[in-house]
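Take a look at the letters that make up each chain.
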Amino acid sequence: MRTKKAKIAIISSLLFLSIYIIHHYYALITPPKLIYISNNSDDSIISQLTQQGADINLLDYRYIKKYPNIKDGWIRFDPKIKLSREDFIHKLSQKDREKTRNIIMFAGDSIDDFASHTAKQTNISPKKIIKAYNRYAPYKDGAIIAGRYKIPYDAIATAIAYYCILKSKERLDKIFEKYNLDPGKDERKKIITIASIIQRETQNTNEMPLIASVIYNRLKKGMKLQLDATLNYGKYSHKIVTHSRIQNDHTRYNTYKYPGLPPEPIGSSSTAAIKAAIDPAKSNYLYFMLAANGSHNFASNYEEHIKHIKWFRKTNDNNKTK
């Protein structure tokens, strides 16, 4: 009896699988309006297509092999015209790539800043851009590295977000490769978070490794970071951090109150800041203070740090009286 039931189950499964495969190959699909293909990505073309909403899977790998010359770039489809999966992949190898223009993620900017700038260029609402970012991004902020990104004219929010995050991952992978690193998910996030703090603390690339050394030295000693930059998250991205703000912000971004790193990156990082987070300077510095010329004075003990603070205040007072 059990043998008979098992045979029926196997036959039913095979029949269902056969019907599914036949339906899969002959059914028509609605292609996404815009697709970006990268041959530099670790993700396969099948994976890239499915992430962008194309209704295909590993069964369609045979078509990728059949039409292997799928070049990098943006491809536009008319969603009103349904295609077979083979026709869809064939067109990926044949269609002209879209002309592009630049958008910029500025170093230190938040995703809100990026959405606002991009909205002005594309007439896409900032809310749609942020929603699309949240769909693809591994972090609440900082997943798009500072730099230029080439998007097509008449772009859509999901395509922009997918592309910028994909390209950022590729750029980040190249940096890690240079340092012979293959960090896991948590270590990757830690590096990006530290880089985002460095970026907010200084625009001086020469100082970035020193700022990084202070962060790592304080973390190693179990000291609170006590950095204003970590409070410049989200809607506070460009707000001056006041004493009142430090007292009343009860989030984990407040490194005056809580030890360790903030829970997420606080904004976009440049490649210089990322490199500094990966390879900090070797120092015994635990403090830094803004100097009059816009650089920083570094100190290895609190007494020295206090001297720098007094010097800075005195210099500022003298400049005000001139």
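Scroll up a little and you will see the structure.
All residue numbers here refer to positions counted from 1 along the written sequence of the relevant chain. Reporting in this predicted model follows two pLDDT cut-offs: at least 70 for local features of residues, and 80 or more for side-chain atom pairs to be given and counted; totals over whole chains, interfaces and linings ignore these cut-offs and use all residues. Side-chain metrics rest on all non-hydrogen atoms present in the structure, leaving aside hydrogens and water.

This part takes up the packing of helix 6 (residues 126-136) against helix 7 (residues 157-178). Running from N to C, helix 6 and helix 7 cross one another at 45 degrees; their axes reach a closest spacing of 8 Å. When the interaxial angle is binned, helix 6 and helix 7 end up oblique. Every pair of crossing elements has a handedness; the one defined by helix 6 and helix 7 is right-handed. Within the contact between the two elements, helix 6 uses K128, I129, A132, Y133, R135 and Y136 and helix 7 uses A157, T158, A161, Y162 and I165. Here the residues of the contact of helix 6 with helix 7 are counted per class, giving 8 nonpolar, 1 polar and 2 charged. Angles here are taken between N-to-C directions and fall from 0 to 180 degrees, while the axes themselves are lines fitted to C-alpha atoms, restricted in helices to the stretch in contact. Starting at the N terminus, helices and strands are each numbered in turn, a helix being any DSSP run of H or I of at least four residues and a strand any DSSP run of E of at least two. Note on terminology: angles under 35 degrees are roughly parallel, angles over 145 are roughly antiparallel, angles of 65 to 115 are roughly perpendicular, and the others are oblique. For a crossing to be left-handed, the near helix must be turned anticlockwise from the far one by less than a right angle; the clockwise case is right-handed. The contact criterion used throughout is that any non-hydrogen atoms of two residues lie within 4.5 Å. As a working rule, the residues Ala, Val, Leu, Ile, Met, Phe, Trp, Tyr, Cys and Pro are called nonpolar, Asp, Glu, Lys and Arg charged, and the rest polar, with Gly in that last group.

Inspection of the secondary structure puts Q52 in the loop between helix 2 (45-51) and helix 3 (61-66). Sequence-distant contacts of Q52, defined by excluding residues within four places in its chain, comprise P32, L34, I35, Y36, Y136 and Y162.

Here the focus is the nonpolar core. General note: in soluble globular proteins, nonpolar side chains tend to be found buried as a group. Throughout this description, the term nonpolar core refers to a set of buried Ala, Val, Leu, Ile, Met, Phe, Trp, Tyr and Cys residues connected via side-chain atoms within 4.5 Å. Using a 1.4 Å probe on the protein chains alone, a residue whose accessible area is under 20% of its type maximum counts as buried, one over 50% counts as exposed, and one in between counts as partly exposed. Within the largest apolar cluster, 61 residues are counted, with the highest numbers of intra-cluster contacts made by F114, I144, Y149, C164, I198, I215 and I274. Contacts of Y149, omitting those with residues within four sequence positions, involve R101, N102, I103, M105, I144, Y163, C164, K167, S168 and R171. Membership of the second largest hydrophobic core comes to 18 residues, among which are A54, I56, I64 and Y67.

When you line up the elements, T100 lands in strand 5 (residues 100-105). Exposure remark for T100: the relative accessible area of 33% places this residue in the partly exposed category. Measuring from C-alpha to C-alpha, the distance between T100 and G73 comes to 9.4 Å, with 27 residues separating the pair along the chain. Not counting residues up to four positions away in its chain, the partners in contact with T100 are W74, K150, I151, P152 and Y153.

This part is about the pattern of salt bridges. Take a side-chain nitrogen of Lys or Arg and a carboxyl oxygen of Asp or Glu: if they are within 4 Å of each other, that pair is a salt bridge. Summed over all chains, the structure comprises 11 salt bridges. Of the charged contacts, one joins K33 and D154 as a salt bridge, the two residues approaching to 3.8 Å between their closest N and O atoms. Of this pair, K33 sits in the loop between strand 1 (28-29) and strand 2 (34-37) while D154 sits in the loop between strand 6 (147-152) and helix 7, and the two are 121 residues apart along the sequence. Two residues, D154 and R76, come together in a salt bridge whose shortest N-O distance is 3.7 Å. Note that D154 is positioned in the loop between strand 6 and helix 7 and R76 in strand 3 (residues 73-76), a separation of 78 residues in sequence. Given the relative accessible area of 51%, D154 is considered exposed. On the accessibility criterion, R76 (18% relative accessible area) is buried.

Note that every value here comes from positions in space, so none of it alone points to a role or purpose.
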